[in-house]
Structure formats: structure tokens, C-alpha cells
Amino acid sequence: MNASTSHTDYRQLHQRSITDREGFWLETAAELDWDSSPTAAVDASNAPLYRWFPDGQLNLCHNALDRHIAAGRGDCTALIYDSAVTEGSRSYTYAELRDEVATAAGALAGLGVSPGDRVLLYLPMIPQAVIAMLACARLGAVHSVVFGGFAAKEIAARIDDAAPDTVITATGGIEPTRRIEYLPKVAEAVQLAQHGVRDVVVVDREGFETSLDSAAATTSATSPAVQWHDWHQLTTQAEPADPVTVDATHPLYILYTSGTTGKPKGVVRDQGGTAAALQWTMPSIFDVGPDEVILCASDVGWVVGHSYIVYAPLLAGATSVLYEGKPVGTPDAGAFWRMVEQHKIKSLFTAPTALRAIRKADPEASLVADYDISSLQYLFSAGERLDPETQRWIGQALDVPVIDNWWQTETGWPIAANPVGIQQLPVKEGSATLPMVGYEVEVLDPMGEPLPAGQEGNIAIKLPLPPGTLHSLWGDDDRYVDAYLSAFEGYYTTGDSGYIDQDGYIYVMGRTDDVINVSGHRLSTGEIEAAVAEHPAVAECAVIGLADELKGQRPAGFLVLKSGAEIDHQRLREELVAHVRATIGPVADFKEVSVVEALPKTRSGKILRKTMRQIADGQDYTVPSTIEDPAVIDALLPVLRGSAGAK
Ligand code: COA
Ligand code: AMP
């Protein structure tokens, strides 16, 4: 437990983190190795843009690996790779992982990667994903991981925004029912992008059809400057690289997330703030310290994976399990419990949708009894609201506290949680518990006035946000200010709606914008709409997120055909589903399409998506007085009510 967690009253600790921000965070940061220790915590000179530890210098990778080795813990286990889809596994001690990372960093440096250069990673859940992330951090290069469920066009959009010279990928990823060939997607993305990629490094996995050579042949005609390299060859020949000292404010990574518009937002985080904040969270929120084991069953392509598969466990000197598989079907709904027994997992972190999938496959949780899960002390859940029924069910099945925590790609670590490592607070169903240190959370009305306890409104966070959160959007401070800081002066707008009760517990109820949450994956309905609208038969469309028992939400498209367009509706549906898969990726999970006569709109032409969603979900709804033609809603009622029951 670090210095700042020696308090036992969490509310007092939180209060101190607000009233003595400098003292609290400088003390927390002092737990790290600094090449030049910070003398100030927050730099407000460019408010509303804030920077953390402005005069500090360090290297995060050194703090995640070398620091523990120097303290005599080189033989402790850092990473356990557990692949249910290949039945492979491998453990890395801190010394082994550091050596692999140093060599990978040397290989990247050999390709010309320097501090500040961007490196795009498109990798499945294999150790090289963790190694590549840490190798970038070691060099002061900025990684941007793209989730494997995204298609070539999405990769290309990220290449154009982040402008990486180097891409690291693998021959493929493995889904329970099929192998996903990565190289055709990467080759297509490299060709689609305006920005010219210089090097593509490929981790060769067994069992994939497209080889490095054939991918290289594909790009040689259109993008002759691209060089393709084999990861194994490159790292075998490389000299290990030492950590590069960087400013604490130096960018660590860019992670793209869905916003309301089609263009993803490049959330950017720094090395020093991330190291200080994540190191605090691991023991304090997740009660995981040196030699203790955490399984975060997310993906390195998502923020939860960045923070709790890679950076936080290693900063804390703990053991992280990297799981390549699903909660169900690889081979069954006992996969998590098998790993708890095998790896002696103390804290398990997953998403409600995974728990619901387990419940669907094993309603009595009978598979739990097949394993010794006595090491398990907590189950943590994030990514979407933890519904009380699922919380109760899994709590009874495992007989451990089930702890919800609320955060966003933007914040990088929980805004609200139950700090069980400091003081376990009573769990209230439906609530993510209290704001974490450094977060001053308020609920505001549309005019920006704070609302009293119990009243729902916009959840906002008083500036400055704590360290480890985003400091901007990549290369676009104006968009950052516009999207997050301008709605309510002095606050960061979360885009979530909810309320705070008399005890200060936070209840997050849903988004206030067009972002939807499908299986814990954040998607933009606007982006799906843009893909649907590309079909030549479609005049206009609305995509809304409908409540879904398993996935939380699922996207459903309602579209109007161009006059005279004659197309079989089943064929249209198939074409649209295929098109969304090809442009955004299977992760969009777009499978429902209804052709309608007209879409309900206001007189100014705004589609009434919220009203449509309320009707489809069987909620009370109000039709705004500004509606252009009330008859359109009446005509839509049977279609909308039908889609609610469709799944
Ligand atoms: N690469 C390629 N395709 C992928 C992929 C990847 N990494 N991940 C998912 N997909 C595909 C799936 O195969 C599926 O394709 P399909 O339409 O052909 O079946 C599609 O994308 C939708 O995937 P998903 O929404 O994940 O549904 P699923 O039925 O495959 O799995 C769950 C359902 C609940 C098991 C799974 O979504 C899950 O484990 N969710 C937890 C998410 C999570 O932890 N999020 C982190 C936030 S904390
Ligand atoms: P992402 O950026 O993908 O992590 O998604 C962030 C969004 O997911 C938040 O803005 C919320 O809408 C939702 N979310 C994440 N965790 C929770 C939670 N514990 N409770 C409610 N909503 C959540």
C-alpha cells in the first residue's frame, strides 16, 4: 500500500485530494522513480488545458519493469499469457519481460522510431501486444492500439490522424468460430491512408493464410515505400534499448474512441500522470499489490485493457493475466473460473455483458463448483452499467463482493469506484459508489447549475481532471475544448447522465449523446449511419441503440429508400450488414434493418432518435411539440415496438 493509502477513511482522503491537490499528487508521484523529480503537480497556466508534473522527467517503462528488477524482484511473475483459443500459455518474469521489451525497443529504434514518433499497433491478445506497447513507452514513442474487430477503413482513419511511420501487427487473431486474417486488412489500410506508412512489422502466427510476403506484394505496386518486416527476425537481430528519459508531460499513447460524429477522437495521455495515477489505483481500487494476480478480461484495444492488463499491474509490481479467449465458448462458461484456480487470481475485472453471457450459458453457475476459486477476493465490473440482477446473480455464485466502477476512455481510470484497498464501502446496487481521488463530480442541469441529491442530470467533473486522464485530443486542442469543456464552464462534460444520492453515491444511467454501448464496446450511431447512407438505395436513415438483454444495447437501423429504388428488403439488409462490417468492422454488431416510409423529424429537420428509442424500448415517451408531422410517429409505432421484441 502506498503512502497516500495509509488513511483509512476514504472520504477524508478524497477531500484531501481536492483541497491539497499539490500535496496529494506529489506524494503519490514520489512512489515512482524519477530522473528529475517534479516540484509542482498541476500546471494551470494554460487553463482550461492542464498538464501534470510539468517539470518532472521519467520513463514509464522503467517504472513498470526495470524499477522492480532493481528492487530485487526480477524473478517475480509479471505476465501470464493464457490462450484458450490456441491452448497455449507462457509466463514472463519481470526480468524476462524487460529483456523482451528492451530488445523490441531496440528493433524499433533500428527502424528509426524516435521519441514522439507514433506507432500503430493492430494486434490480437498475444504477449507481443504488451511487449510492443511497453517498447514504445521505453523509447518515448507514442503507441496507438486499434482493436482487432475494426475494419481496414477504420485503421486507415487512425493512420491518417496519428500519422505513424510504423505499424506493428500479426498474421491474425482467433475468434471462437473463425480466424481473422489481419494482413489483408493492414495492407488495405496502408493503401487507403493518405499518410505514408514506412514500416510494417508482422508477428507470424501459425495457421493464417496471408503471409508477410503476399501482403508485401499487395502493397508493392501502390505503396512501394512500405517495407514489411518479420517481428521475430527483427527482434533476434536487435540490441536491447535502455529507457529514454522523457518529460512527464510527454505523450504515452493515443487511443481512438467513438464520439457523436463519424470521426473518432484521439484521446491522448502522458507518461508521468498515467504512471502516478495508475500506480495509485492498483492497490487502492483493485486491492492488487506486488505478487498478487489480476485478470482483466478486456482487450488491449480498449482503455480498460491499456490500464489494467498492461500498465497498472506492472507499475504495481503485480502479475497480470493476458487472456486470449472469450468468457463463454472457449471452451465453456467456466473459462474465468478455470483461470482463477490455475493462476490463483485475486481480482477479476470484466464487463457486465460478459457476466450476462456466462449466466445465459450456465444459468445455475454450476461450472463454478468445478474449480477451486478460493483465491478470488473481488469481482470488478466496468464498461457499462452493472444491472442489479446480474450483480446479485454473480455475487451469489462466487461469494465475493461485486464492485462496479465507472469510467471512460477519456479518463483512463475509474471516475467512481469502491476503493476496497483502502476502505470497503457498502455496495449499493446500481451505483458505481464514490468519486475517486482528484475527481470532483457534480450533476448539472442544462444551464450548468448543480442539481440537488437524487435529481438526474448531466454528470460533469470540475477541472482540473486528475493525472492520468486525457490532456487533449491528438493534435486538436480546439476539438477537445469544444467537445468536452465548452458546455459548462470550468467542467469536463462526461456525456453521461445520472444522479448522486444523499451519501454521495454516483448512479450513471446512460449517455446524453448518440454514443451507444454494445457488449461493453463504445460505438457511434452517427458512424454507423454514415456507412448505411453510402448504400445507393438509401435516402436517409437513423441508427439507434435498443436495449438488449445480453449486450446492453444493440444498434438498429431505420431507413427510407430513395424514391423509385426497387430492391428486395432481405437483400438490402444483407448488403447493409456486409457493408457496415466491411467499413467499420464486425465489432459494430449491426444486424437489424427496417425499411420505413418516413423518419420522424422536428420542423428544423432533426431526426427524433431519442423518441424512437424510447418507443422501441417500451419506455414513456413524449413527442416534442416541434415535430414536423405527428402521423409519421403513429405509422412507425408497430415497427419500433416490433424491433424491441425482435431479439
Ligand atoms: N477481432 C475480430 N472480430 C471480433 C473481435 C476481434 N478482436 N472481437 C469481436 N469480434 C467480432 C465477433 O466475432 C462478432 O462477430 P460476428 O458478428 O461474426 O459474430 C462481432 O465482432 C461482435 O462481437 P461481440 O459484440 O464481442 O459479440 P460476441 O457474441 O462475439 O461476444 C461477449 C459476446 C459478451 C462474449 C463479448 O462481447 C465480450 O466478452 N464482451 C466483453 C467486452 C469487454 O470486456 N469490454 C471491455 C470494456 S470493460
Ligand atoms: P468507454 O470509453 O468505451 O470506456 O465507454 C465509456 C462509457 O461507458 C461511459 O461514458 C458510460 O456511458 C459507459 N460506462 C462505463 N462504465 C460504466 C459503469 N460502470 N456504469 C455505467 N456506465 C458505464
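Note that the coordinates shown come from a computational prediction; the quantities given were computed from them, not determined experimentally.

Colleague: Any details on helix α1 (residues 10-19)? Residues and values, ideally.
Modeller: Every buried residue of α1 is accounted for by Tyr 10, Leu 13, His 14, Arg 16, Ser 17 and Ile 18. Where α1 is buried, its residues meet α2 (21-29), α10 (271-286) and β22 (434-435). Where α1 begins, the side chain of Asp 9 points an oxygen toward the backbone nitrogen of Arg 11, at a separation of 2.9 Å.

Colleague: If you had to explain the sheet that holds strand β5 (residues 88-93) to someone new, which residues and values would you point to?
Modeller: Read from one edge of the open sheet, seven strands run β5-β4-β17-β16-β18-β19-β20, paired in mixed fashion. The open sheet has two free edges, formed respectively by β5 and β20 (402-404), since each of these has just one partner strand. This sheet shows a mean twist of 20 degrees between the axes of neighbouring strands, independent of strand direction. Relative to strand β17 (residues 319-324), strand β16 (residues 293-296) runs parallel, the two being bridged by three bridges. Within the sheet, the bridge partner assigned to Ile 294 lies in β17 and is Ser 320. Most of the contacts of α10 go to strand β19 (residues 378-381), to which it runs at about 120 degrees, and overall it touches β16, β18 (347-350) and β19.

Colleague: How would you explain the sheet that holds strand β23 (residues 441-444) if you had to name every residue and give the values?
Modeller: Spatial strand order, β23-β24-β26-β27: four strands in an open sheet with antiparallel pairing. Of all the strands in the sheet, just β23 and β27 (506-511) have a single pairing partner and so form its edges. Here the strands of the sheet are splayed against their neighbours by 50 degrees on average, with no regard to which way each runs.

Colleague: Explain the site of ligand 2 to me, and be specific about the residues and the numbers.
Modeller: Taken together, 15 residues lie near ligand 2, and Asp 404, Thr 409, Asp 496, Arg 511 and Arg 522 sit nearest. Within the side chain of Asp 404, an N or O atom sits 2.8 Å from a nitrogen atom of ligand 2. Residue Arg 522 places a side-chain N or O atom 2.6 Å away from an oxygen atom belonging to ligand 2. Here ligand 2 has 490 Å² of accessible area as a free molecule, and 92% of this is covered by the chains.

Colleague: An account of the pattern of salt bridges is requested, with residue identities and associated values reported.
Modeller: Taken as a whole and assessed by the stated rule, the structure comprises 34 salt bridges. Between Asp 99 and Arg 98 there is a salt bridge, and its shortest N-O distance comes to 3.1 Å. A residue is classified by how much of its surface remains accessible, and Arg 98, at 21% relative accessible area, is partly exposed. A salt bridge links Lys 326 to Glu 175, with the shortest nitrogen-to-oxygen separation between them at 3.0 Å. Residue Lys 326 is located in the loop between β17 and α12 (335-343), and its partner Glu 175 is located in strand β9 (residues 172-175); the two are separated by 151 residues in the primary sequence. Using a relative accessible area of 27% as the deciding quantity, one classes Glu 175 as partly exposed.

Colleague: Pulling in residues and values, what's your account of the side chain of Arg 356?
Modeller: Summarising the element assignment, Arg 356 is placed in helix α13 (residues 352-361). For Arg 356, a relative accessible area of 11% translates into the label buried. Of note is the side chain of Arg 356, whose polar atom sits 3.0 Å from the backbone oxygen of Glu 549. The residues touching Arg 356, leaving out its near neighbours within four places in the chain, are Glu 384, Asp 387, Thr 390, Glu 549, Leu 550, Lys 551 and Gly 552.

Colleague: Summarise the packing of helix α3 (residues 60-73) against helix α4 (residues 94-110); cite the residues concerned and give the values.
Modeller: Contact pair α3 / α4: the axes reach a minimum separation of 9 Å and the direction vectors enclose 140 degrees. Overall, the two elements α3 and α4 adopt an arrangement that is oblique. Handedness of the crossing formed by α3 with α4: left-handed. Residues Cys 61, Ala 64, Leu 65, Asp 66, His 68, Ile 69 and Arg 73 of α3 form the contact with α4, whose own contacting residues are Tyr 94, Ala 95, Leu 97, Arg 98 and Val 101. Taken together, the residues of the contact of α3 with α4 break down into eight nonpolar, one polar and three charged.

Colleague: Go over the domain arrangement of the protein chain, please, and point to the residues and values.
Modeller: Taken domain by domain, the protein chain comprises domain 1 (3-61 + 274-477) and domain 2 (515-645). Domain 1 and domain 2 are separated by 34 Å when their C-alpha centres are compared. Tallying the contact residues gives ten residues for domain 1 and ten residues for domain 2. Counting the surface domain 1 buries against domain 2, the share from its top three residues, Trp 302, Thr 353 and Arg 356, is 53%. The interface formed by domain 1 and domain 2 holds one salt bridge in total. Salt-bridge contacts for Arg 522 lead to Glu 410; the nearest nitrogen and oxygen are separated by 2.8 Å. Remark: the boundary between domain 1 and domain 2 carries five residue pairs in polar contact (both at pLDDT 80 or more).

Colleague: Can you break down the environment of Arg 359 residue by residue, with the values?
Modeller: Within the secondary structure, Arg 359 is located in helix α13. Given a relative accessible area of 27%, Arg 359 falls into the partly exposed group. Once the C-alpha coordinates of Arg 359 and Trp 393 are considered, the two residues, 34 residues apart in sequence, prove to be 8.2 Å apart. Sequence-distant contacts of Arg 359, defined by excluding residues within four places in its chain, comprise Glu 389 and Trp 393.

So, how was this worked out
Residues numbered from 1 in each chain as written. Chains lettered and ligands numbered in written order. Predicted model: local features only at pLDDT ≥ 70, side-chain atom pairs only at ≥ 80, totals over all residues. Heavy atoms only, no water. Buried < 20%, exposed > 50% of the residue type's maximum accessible area, 1.4 Å probe, protein only. Helix = DSSP H or I, 4+ residues; strand = E, 2+ residues; numbered from the N terminus. Contact = heavy atoms within 4.5 Å. Polar contact = N/O pair within 3.5 Å; in protein donor to acceptor, adjacent residues only side chain to side chain. Pairing = 2+ DSSP bridges. Axes fitted to C-alpha atoms, helices over the stretch in contact; angles between N-to-C directions. Near = heavy atom within 4 Å. Areas by Shrake-Rupley, 256 points an atom, 1.4 Å probe, with all protein chains shown as cover. Salt bridge = Lys/Arg side-chain N within 4 Å of Asp/Glu carboxyl O. Parallel < 35°, antiparallel > 145°, perpendicular 65-115°, else oblique. Left-handed = near helix turned anticlockwise from the far one by under 90°. Nonpolar A, V, L, I, M, F, W, Y, C, P; charged D, E, K, R; others polar. Domains from an automatic or database assignment. Buried area = accessible area lost by both parts, 1.4 Å probe.

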